[in-house]
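# Chain and residue survey
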Amino acid sequence: MAELTEQEKVRREKLDFLEDYNVNPFGERFDRNSNTEKIKDAFDKYSKEELAEMEHPTLKIAGRIMTKRGKGKAGFAHIMDQKGQLQIYVRKDALTEQEFEIFQKADLGDIVGVKGTVMKTKMGELSLKLSEFTHLSKALRPLPEKYHGLKDVEERYRRRYLDLMTNEDTRETFILRSKIIRAFRRYLEDKGYMEVETPILHPIVGGAAARPFKTHHNALDMPFYLRIAPELYLKRLIVGGFEGVFEIGRTFRNEGISIKHNPEFTMMELYEAYGDMESMMELTEDLIITVTEEVMGTLEIQYGDQTISLKRGWERLHMADAVKEHVGIDFRREDLTFEEAKEFALKKGLEIAPHYTGTGHILNLLFESFVEEKIVQPTFVYGHPIEISPLAKKNPEDGRFTDRFELIINTREYGNAFSELNNPIDQKERFEAQLKERDLGNVEANEMDNDYIEALEYGMPPAGGLGIGIDRLIMLLTNSKSIRDVIFFPHMRQKHQ
RNA sequence: GGGCUGUUAGCUCAGUAGGUAGAGCAGCGCCCUUUUAAGGCGCGGGUCGGAGGUUCGAUUCCUCCACGGCUCACCA
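Residues numbered from 1 in each chain as written. Chains lettered and ligands numbered in written order. Predicted model: local features only at pLDDT ≥ 70, side-chain atom pairs only at ≥ 80, totals over all residues. Heavy atoms only, no water.

Turning our eyes to something else, we now look at the overall build of chain A. Within chain A one finds 15 helices and 18 strands. Here the C-alpha radius of gyration of chain A, 29 Å, is well above what a compact globule of 497 residues would show, namely 23 Å. Going through the 497 residues of chain A one by one, you find that 50% of them count as buried. Residue pairs in contact within chain A that sit at least 24 positions apart in sequence constitute 66% of those at least 6 positions apart. As displayed, chain A offers around 25200 Å² of accessible surface, 48% of which is attributable to carbon and sulfur atoms. Considering chain A, the positive charge centre built from 71 side chains and the negative charge centre built from 87 side chains are found 7 Å apart. (Helix = DSSP H or I, 4+ residues; strand = E, 2+ residues; numbered from the N terminus. Rg over C-alpha atoms; globule rule 2.2 N^0.38 Å. Buried < 20%, exposed > 50% of the residue type's maximum accessible area, 1.4 Å probe, protein only. Contact = heavy atoms within 4.5 Å. Areas by Shrake-Rupley, 256 points an atom, 1.4 Å probe, with all protein chains shown as cover. Lys, Arg positive; Asp, Glu negative; His and termini not counted. Charge placed at Lys NZ, Arg CZ, Asp CG, Glu CD.)

Let us now look at the sheet that holds strand β17 (residues 412-419). Strand order in the open sheet formed by eight strands is β6-β10-β11-β18-β17-β16-β15-β14, with mixed pairing between adjacent strands. The open sheet terminates on both sides in strands that have one partner only, identified here as β6 (194-195) and β14 (315-318). Relative to the sheet, helix α8 (residues 231-239) contacts β10 (244-252), β11 (264-273), β17 and β18 (463-469), its axis offset from that of β11 by approximately 25°. Sheet contacts for helix α10 (residues 319-327): β14 and β15 (379-382); angle to β14, the most-contacted strand, approximately 80°. (Pairing = 2+ DSSP bridges. Axes fitted to C-alpha atoms, helices over the stretch in contact; angles between N-to-C directions.)

One open sheet holds the three strands; their spatial order is β7-β9-β8, and the pairing between them is antiparallel. At either end of the open sheet lies a strand with only one pairing partner, and these are β7 (201-202) and β8 (214-217). Pairing of β8 with strand β9 (residues 222-226) involves four bridges; the strand directions are antiparallel. In the strand pairing of β9, His 217 is matched with Met 222.

Okay, α8 next. Within α8 the residues assigned to the buried category are Glu 231, Leu 232, Leu 234, Lys 235, Arg 236 and Ile 238. Each element contacted by the buried residues of α8 is listed here: β10, β11, β17, α14 (450-457) and β18. Immediately downstream of α8, the backbone of Gly 241 shows phi near 115°, a positive value.

Looking now at the packing of aromatic side chains. A complete count under the given rule lists nine aromatic pairs for this structure. On the basis of an interplanar angle of 40° and a centroid distance of 5.6 Å, the ring pair of Trp 314 and Phe 380 is categorised as tilted. Of this pair, Trp 314 sits in the loop between β13 (306-309) and β14 while Phe 380 sits in strand β15, and the two are 66 residues apart along the sequence. Both residues of the pair, Trp 314 and Phe 380, count as buried. Taking the centre distance of 6.1 Å and the plane angle of 40° together, the rings of Phe 488 and Phe 489 count as tilted. Judged by its relative accessible area of 53%, Phe 489 falls in the exposed class. (Phe/Tyr/Trp six-rings, centres within 6.5 Å; stacked < 30°, edge-to-face > 60°.)

Here we take up a positive patch on the surface. Residues Lys 48, Lys 71, Lys 122 and Lys 129 make up a contiguous surface patch of positive charge. Among the secondary structure elements, Lys 48 is positioned in helix α3 (residues 48-53). Residue classification places Lys 48 among the partly exposed residues on the basis of a relative accessible area of 36%. (Patch = residues over 30% accessible without salt bridge, like charges linked within 9 Å, V, L, I, M, F, W, Y side chains within 5 Å. Salt bridge = Lys/Arg side-chain N within 4 Å of Asp/Glu carboxyl O.)

Once that is clear, we can look at unusual backbone geometry. Leaving glycine out, the prevailing phi sign among residues is negative, and the prevailing peptide bond configuration is trans. Its identity as a non-glycine residue notwithstanding, Asn 410 has a phi of 50°, on the positive side. Take Asn 410: it is sitting in the loop between β16 (404-409) and β17. The phi dihedral of Thr 411 is positive, around 70°, even though this residue is not glycine. Mapped onto the elements, Thr 411 comes out in the loop between β16 and β17. Among the residues examined, Thr 411 registers a relative accessible area of 31% and is labelled partly exposed.

What follows is about the packing of helix α13 (residues 424-439) against α14. Between two packed helices, both the angle of their axes relative to each other and the distance between the axes serve to describe the pair. Where α13 contacts α14, the axes come no closer than 9 Å and their chain directions differ by 165°. Our classification of the angle between α13 and α14 gives roughly antiparallel. Like other packed secondary-structure pairs, α13 and α14 cross with a definite hand, here right-handed. Residues Pro 424, Gln 427, Lys 428 and Phe 431 of α13 touch α14, and the partners they reach there are Tyr 452, Ile 453, Leu 456 and Glu 457. The class makeup of the residues in the contact of α13 with α14 is five nonpolar, one polar and two charged. (Parallel < 35°, antiparallel > 145°, perpendicular 65-115°, else oblique. Left-handed = near helix turned anticlockwise from the far one by under 90°. Nonpolar A, V, L, I, M, F, W, Y, C, P; charged D, E, K, R; others polar.)

Let us look at the confidence of the model for chain A. Mean pLDDT over chain A stands at 94; residues scoring 70 or higher make up 99%. Predicted confidence in chain A is weakest over helix α11 (residues 338-347), with a mean pLDDT of 92, and strongest over β6, with 98. In the model output, the complex is listed with pTM 0.94 alongside ipTM 0.92. (pLDDT = per-residue confidence, 0-100.)

Glancing now at the side chain of Thr 284. Note that Thr 284 resides in helix α9 (residues 277-296). Look past the residues within four positions of Thr 284 in its chain and what remains in contact with it is Trp 314, Phe 380, Phe 405, Leu 407, Leu 466 and Ile 468.

What follows is the structure, given as structure tokens:
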């Protein structure tokens, strides 16, 4: 245990001071009848004089002391609750001697309950003139600086509570996060989709291309993976007869941490019986537009120095056409060979991984390397090659492509959807192709999931499926540069002693 | 993992061409019954991220380590 700082010692001494007065430094229930926001809404419209003359109720609120100014036999402070801050005015002659002394000894960071009536100061600030002051909880450590707040990025992530206490922007971002997720749920429930929960511990890795976290169950004495996607379980529910299900939940991927990646993140996945890629495009657009309008009140989103317009009518662009336009090679050509595509990519300076064995691998590589970075306004890029889409239905006209899309906004992927592959024979072949990739060194390839194939053999209706990265959408709407700014407790390396 | 970069008081930051450090806020004492980033006077608080090295002397220069940030690679 580290030595206490001078300020910590002083605050601990104040515990004794409170106990001398029979005051519990970490007190009890306090029944409030208002909060800082309600008080401002109800009374800020009146002038100082009006407030002085009119009758108004006695109000009780509680919160943390954020600023404090002694004025001899009086004093001011701002106390903060979840809704904001309100100034309190303390006069020696309005409180008991004990209450006033406790106020004078109170520290920034202490949590107090107060009772009083509203007034306005000479400067016109709405304030609560106290008739009672109750100490509720002692803060044994000093708060970050009252004017600048907590700036140190590392500290803001590691001790988010301090960030939330002192930085209004942080509070607003997380309030928006909550509203966005609530709007998602409401929209989907209103459309008749059912929210479900599926396992997070998976015996087999599947549903996406990613490296998993591995864990172990003691009683069963078997390994489990933390899910990289809920997809295969949700589709079992479609087999089971539910016609529209969704899950909003945590997903885990054992990969690098970056401004766009946290090891655990929140996804929304949805499956709709009798739907397809196109119905998912319609749903995605309507969902994001509805949520954005509801939460933000506008479809013009400022993100960094980009202005994104989410107005209806998002562009639809076939991946092969996009690559043809920006890179100059036509992957729709029937006679395009893998060798030719590979040569083209090599000339462009790209590296070809050993498990790249089809033209589709090259197409996707070219798209991600040269085209994705050019897409700013919301665009459905569709027609992903079959090689990288083991769970999506083949396009009926050209089996080299699938009926799959990714939603790209501001060069980043926000959603992924397709006409779900419901042919168990085809699905088995796809898994086998994935196993071959695994042998060639693709650590992210899907595993064979016989249990899932068996489910498909009982018959799954044609269906559309959709996944949306919730954290990234929240980043976009809250103009947050890093995913760490929209996740309360982002993962960081442990600081050792 | 690579490159660049940061770490000084509880917080926000200066600074030292190498001679063991300052300010504001916060804290302590005194004054002040409408202040508001309150004010005035006074006081205390730092193994300058850690460990080595160079040097008479290192917070400053060098090396390594720890933990961040940005970025590239991988991915959503």
